[in-house]
Amino acid sequence: MTGRRADGQAGGYCACLSLLLAACAGGSSAVPPVRPSARPPVATAADTAQPIAPPADAAALGWMPLASTSIPAFARAHPTYDGRGVIVAILDAGLDAGVLGPDRTLDIRDFSGEGRIPLTEVRLDGDMIRIGAVALRGAGRLRAMQASGKAWGGILREYQLGELPAADVNGNGHLGDTLAVALVRATDGWTLFADTDGDGSIETEKPVRDYLVAHDFFGWHQAGRRAPGSVAVNITDAEPDKPPQLDLVFTVGSHGTHVAGIAAGHDLFGVKGFDGVAPGASLLALKMGNDAKGGITTSGSMERAMDYAIRFAATRRLPLVMNMSFGVGNEAEGLAAIDRVVDSILGANPNVVMTVSAGNDGPGISTMGFPASARRIITVGATYPGAFLAPDANGRRSDDLIAFFSSRGGELAQPDLLAPGVAYSSIPRWDTGEEVKNGTSMASPHVAGLAARLLSGLAAEQRTASASTIKRALMASSRPLAGGRWIDQGAGLPDITKAWDLLKDEDPPGPVIDVRAEHGVSGSLQVETPLDSSITFTLTRHGGGSSERFKLIADADWVTAPATVSLGDSTPVVISLKPTSLRAPGVYSTTVEGWGRDSAWGPAFHLVTTVVTPYPLPRDRSTMRFRIGAGEIRRVPILADSGRGIRLRVADPRGAPLLAFLHEPGGMPFRAGQAQSAGDTTRAEFELDGRDVVGGVYELVLMAGPSTGVDAELEINPAPLRIATLRRKDSVWITRESLPASPSARPPVQPRLSAQFVGAERGIATSARGSADQRLEFFAPAWARKVTIELTMPREQWQLFTDYGFTLLDADGRQITATPVNYAVARLEAEIPEGPERQLTIVLSPGFADGASNALWTAKLAVRMYAAAPVDMGELPEGPFVLRPSPVALPSGFYPLLTLITRLGDRVWHQEAGLPDAPGPLMP
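The model shown is predicted, which means the values in this text are computed figures rather than measured ones.

Reading guide: rules and limits
- Residues numbered from 1 in each chain as written.
- Predicted model: local features only at pLDDT ≥ 70, side-chain atom pairs only at ≥ 80, totals over all residues.
- Heavy atoms only, no water.
- Helix = DSSP H or I, 4+ residues; strand = E, 2+ residues; numbered from the N terminus.
- Rg over C-alpha atoms; globule rule 2.2 N^0.38 Å.
- Areas by Shrake-Rupley, 256 points an atom, 1.4 Å probe, with all protein chains shown as cover.
- Lys, Arg positive; Asp, Glu negative; His and termini not counted.
- Charge placed at Lys NZ, Arg CZ, Asp CG, Glu CD.
- Axes fitted to C-alpha atoms, helices over the stretch in contact; angles between N-to-C directions.
- Left-handed = near helix turned anticlockwise from the far one by under 90°.
- Contact = heavy atoms within 4.5 Å.
- Nonpolar A, V, L, I, M, F, W, Y, C, P; charged D, E, K, R; others polar.
- Patch = residues over 30% accessible without salt bridge, like charges linked within 9 Å, V, L, I, M, F, W, Y side chains within 5 Å.
- Salt bridge = Lys/Arg side-chain N within 4 Å of Asp/Glu carboxyl O.
- Buried < 20%, exposed > 50% of the residue type's maximum accessible area, 1.4 Å probe, protein only.
- Pairing = 2+ DSSP bridges.
- pLDDT = per-residue confidence, 0-100.
- Expected span 1.5 Å × (residues − 1).
- Phe/Tyr/Trp six-rings, centres within 6.5 Å; stacked < 30°, edge-to-face > 60°.
- Lys NZ or Arg CZ within 6 Å of the ring centre and 35° of its normal.

Draft legend 1. Structural view of the overall build of the chain. Helix and strand counts for the chain stand at 14 helices and 54 strands. Rg of the C-alpha trace for the chain: 29 Å, near the compact-globule value of 29 Å for 924 residues, within the 12% margin. Carbon and sulfur atoms make up 50% of the accessible area of the chain, which totals about 35300 Å². When the 86 basic and 99 acidic side-chain charges of the chain are each reduced to a single mean position, those positions are 2 Å apart.

The following block contains the structure:
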């Protein structure tokens, strides 16, 4: 949301974009975070940063890429069908209420709890107000407005909000300020006061009321300077003589503000005519993500936000579109609890359209996240808009391309369609310079805006349409982009004019047909052999009516389908594969379309089949070569042995630029870094530590740039040993399982094994019930310079969550780093500055789909601390040996951490190995 998981700002995406995107006018002017100092700085980042390009220039360049979906032509033909009369709810990380553009906002609410401020009664002592350790002048102001009851106060502490610059709420360059607020009940309701300019008084401050009541907001700032961001207020009544519930709605992340501008921005940045997709729509900004913990949702926040939006729109009798630019990785497609929640809510509200970002874990197959895997939503993948791509030699702009990061289907026949995944949009002032963001997070609100325009036109003509009809119209209007299959792009890129023509001129489409696939969910995926040569799809029709006959058309010659199928309420369809056509290693995907009598609405259903035939892992180093055309990708599935390290290297011998991506079995991006680029002087290299390698099919995806083909050369270099370690007290056994060498190796060369001491490791197992934070403490010694914490949990448990936070705090409770957990395996890394031994705290924050859940969850953590430099231990003997004393003192509960180094000729492999004490007797 992840900015979070759907804006493509992490994991090497930005570096890879340099191969694909045109240079931006003005260049990047991102300012490094401001570090605290003894005195307030003369100017902060928010004061000095410049936009990546002037907003007027961005508008002229088409950096809000409306032309990709034919919006300018539609707007000229239907200028009032701009979203007016429609509510677009942005379920995200909040909205900065003070930015120009997404300012037609009906309400801003926080369901995450990030801004919850505990309140206590405050004493008014003369002209002084004392709120905790903060003293403010202006008590008379409170007395004058106080209609009855007591005065209440609360504290916001910046250090709880994450990192600079966003957590510097008052914009003074320091992280750690304590900011106080005071509340009284006035004659017109609850009123809040804050010392926004830091002068120690509220005497001249404006009163702030709940955003829904008065659309008030405020911002802390240095005297004479603008606030870095704006704060809205939610105040909810409690019992008599009790303090109200206070939530300050601020944006520690800029994701929600950027998304809102795409969906419904109007005159963005004050530039007339610089609009989002549906500039006439009204916005609801519903915060469900806690950005201080990495952008995570909290238990039940998704469901509460959806419920609020639906009730809000129903009360006002207005059409509703909900957008959720969010997603985490599926461990078992179709089983996520939140998918069932979303489908249940939408099933009870069939006219509510909901768009969800597909996720940014592409280009590997089977990477669709949840809740993008829900059935009743519109799942949106991303393109690179032509406006952001370099022109060709004749100055012509390129067509949109399928974005490499856009998540793909496999077990799921998704995404449903694509939309522009790069845009220049609204952001809080503290994020100036980052107006251009990329990801399926940017694509999903684009489609939400399209839906709002269509609903606006229908309302103007006093007509309605169900959410399924809006989805079908957008998909039927879409055109496929070059180089993609259904699992890459769904129906393709929609055209709003064609979608409107369908809604205007045609009878509604037939009943919704649900597809369930063997070897998957809505799509069939077979990995490895032997293959089932026949696959059954079950079609279920929703909406009743008489039986209808559909014509089946396949788009590949390795699949055979019946010519027609007669569909009643539930009907099986069997398609046949030709295994002889699938023997060559690679990834094959095909779609069988079901066409009814009315072809204007496109196919009524799609039967999507994907087959993966892996390359066997070679016994020795080997090289493969692939010719990849400009803008094309090549999928290279490789069958790996559990526990056996592998090194993959790829480049074009001529130095042509290419991208390489690695996915683990099941689709998860490679845990040590998914994306790399190769070019004139560099090559992409992935080293799979034997400790991490799981048995199954890894998918390497190679991608050429948009204008130059490549001759990719891939070297696969498997380790000659599997290695296991065992220790009791000072005795160590290294178990070496030699693997078959190439028959050409005469005589066989024996690998040599040596070791380095690199640090210390400790295993922690934890379990708890419900969603309360779990805190785990350990001590970092003075010699530690880096810490890596790996978390694993049962795959079947993952489906219970919508999110899971993973945060590391220092001894003062300040955040060192935070990351959202995207799969049942996650890694957190942080540098440790020099200093004495200190306590660090791991915070685990489970977010359940069911806000009332008290389910038991378990997790295992490996805490690894690394010294500044390794200590060489020399070559290791064949049998057991005595581990000499550790070169550094190990903290309590920690044991030695080694790097084992295997050498075979000129080749070297590294594998980490922890050495815990083993229980019971040891066998060498």
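Draft legend 2. Up close: the packing of helix α10 (residues 440–460) against helix α13 (residues 496–505). For the pair α10 and α13, interaxial distance at closest approach is 11 Å and the crossing angle is 35°. Here the hand of the crossing between α10 and α13 comes out right-handed. Contacts between α10 and α13 pair Leu450, Arg453, Leu454, Gly457 and Leu458 from the former with Ile496, Ala499, Trp500 and Leu503 from the latter. Partitioning the contact of α10 with α13 into residue classes produces 7 nonpolar, 1 polar and 1 charged.

Draft legend 3. Broad picture of a negative patch on the surface. On the surface, a cluster of negative charge is made up of Asp505, Glu506, Asp507 and Asp598. A relative accessible area of 52% means that aspartate 505 is categorised as exposed.

Draft legend 4. Fine view of the sheet that holds strand β41 (residues 710–718). Spatially, the 4 strands line up as an open sheet ordered β34-β41-β36-β39, and their pairing is antiparallel. Bordering the open sheet on either side are β34 (622–628) and β39 (684–688), each of which pairs with just one other strand. Taken over all neighbouring pairs, the strand axes of this sheet differ in orientation by 15° on average, direction set aside. The pairing of strand β36 (residues 646–651) with β39 spans 5 bridges and is antiparallel. Among the inter-strand pairings, valine 650 is bridged to a residue of β39, identified as alanine 684.

Draft legend 5. Representation of unusual backbone geometry. Going from leucine 164 to proline 165, the amide bond is cis rather than trans, its omega being 0°. Of note, the amide linkage connecting glycine 362 to proline 363 takes the cis form, showing an omega dihedral of 5°. By the secondary structure assignment, proline 363 is in the loop between β18 (353–357) and β19 (369–370). For arginine 317, which is not glycine, the phi torsion reads 55° and is therefore positive. Within the fold, arginine 317 resides in the loop between α8 (301–316) and β16 (320–324). Even without being a glycine, histidine 519 presents a positive backbone phi close to 65°. Mapped onto the elements of the fold, histidine 519 is located in the loop between β25 (512–517) and β26 (523–527).

Draft legend 6. Quick look at the sheet that holds β25. Here 4 strands make up an open sheet; going across it, the order is β25-β27-β31-β29 and the pairing antiparallel. Every interior strand has two partners, whereas the edge strands, β25 and β29 (559–560), have only one. With 6 bridges connecting them, β25 and strand β27 (residues 534–542) associate as antiparallel partners. By the bridge assignment for β27, aspartate 514 is matched with threonine 540.

Draft legend 7. Representation of the confidence of the model for the chain in the model. Across the chain, pLDDT averages 90, with 93% of residues at or above 70. A low-confidence stretch, residues 2–6 (pLDDT under 50), is modelled with 36 contacts involving residues beyond four sequence positions or located in other chains. Counted against residues more than four places away or in other chains, residues 8–42, with its pLDDT under 50, gives 76 contacts.

Draft legend 8. Representation of helix α9 (residues 337–348) in the model. Along its 12 residues, α9 runs 17 Å from first to last C-alpha, staying within 8% of the 16 Å computed at 1.5 Å per residue. Taken residue by residue, α9 has Ala337, Ile338, Asp339, Val341, Val342, Asp343, Ile345 and Leu346 as its buried positions. Buried residues belonging to α9 abut α8, β16, β18, β19 and β47 (801–809).

Draft legend 9. Molecular detail of the pattern of salt bridges. Tallied over the entire structure, the rule returns 48 salt bridges. A salt bridge links arginine 691 to glutamate 912, with the nearest nitrogen and oxygen atoms 3.8 Å apart. Placement of arginine 691 in the loop between β39 and β40 (696–704) and of glutamate 912 in strand β54 (residues 907–914) is noted, with a sequence separation of 221 residues between them. Glutamate 912 sits in the buried class, given a relative accessible area of 16%. Notably, a salt bridge pairs arginine 722 with glutamate 737, separated by 2.9 Å at the nearest N-O pair. Of this pair, arginine 722 sits in strand β42 (residues 721–728) while glutamate 737 sits in strand β43 (residues 731–738), and the two are 15 residues apart along the sequence. The class of arginine 722 is partly exposed, set by a relative accessible area of 21%. If you follow the salt bridges from partner to partner, you end up with Arg647, Arg649, Arg683, Glu685, Glu687 and Glu715 in one network.

Draft legend 10. Highlighting helix α7 (residues 255–264). Counted residue by residue, α7 has 10 buried out of 10 residues, so it is predominantly covered. Taken together, the buried positions of α7 are occupied by His255, Gly256, Thr257, His258, Val259, Ala260, Gly261, Ile262, Ala263 and Ala264.

Draft legend 11. Spatial organisation of the packing of aromatic side chains. Evaluated as defined, the whole model comprises 24 aromatic pairs. Ring geometry for tryptophan 63 against tyrosine 424: centres 6.3 Å apart, planes inclined by 35°, an arrangement best described as tilted. Of this pair, tryptophan 63 sits in the loop between α3 (55–60) and α4 (71–77) while tyrosine 424 sits in strand β23 (residues 422–424); the two residues are 361 residues apart in sequence, bridging distant segments of the chain. Comparing tryptophan 63 with tyrosine 424 shows no difference in burial state: the two are buried. Seen in terms of ring centroids, tyrosine 384 and phenylalanine 405 are 5.9 Å apart; in terms of plane orientation they differ by 90°. Their pairing is edge-to-face. One end of the pair, tyrosine 384, is in strand β20 (residues 378–384); the other, phenylalanine 405, is in the loop between β21 (401–402) and β22 (417–420), with 21 residues separating them in the sequence. We classify tyrosine 384 as buried; its relative accessible area is 0%. One aromatic cluster in this structure is built from Phe370, Trp798, Phe801, Tyr804, Phe848 and Trp857. For the cation-ring pair, lysine 786 lies above tyrosine 866, with the distance from its terminal atom to the ring centre recorded as 5.7 Å.

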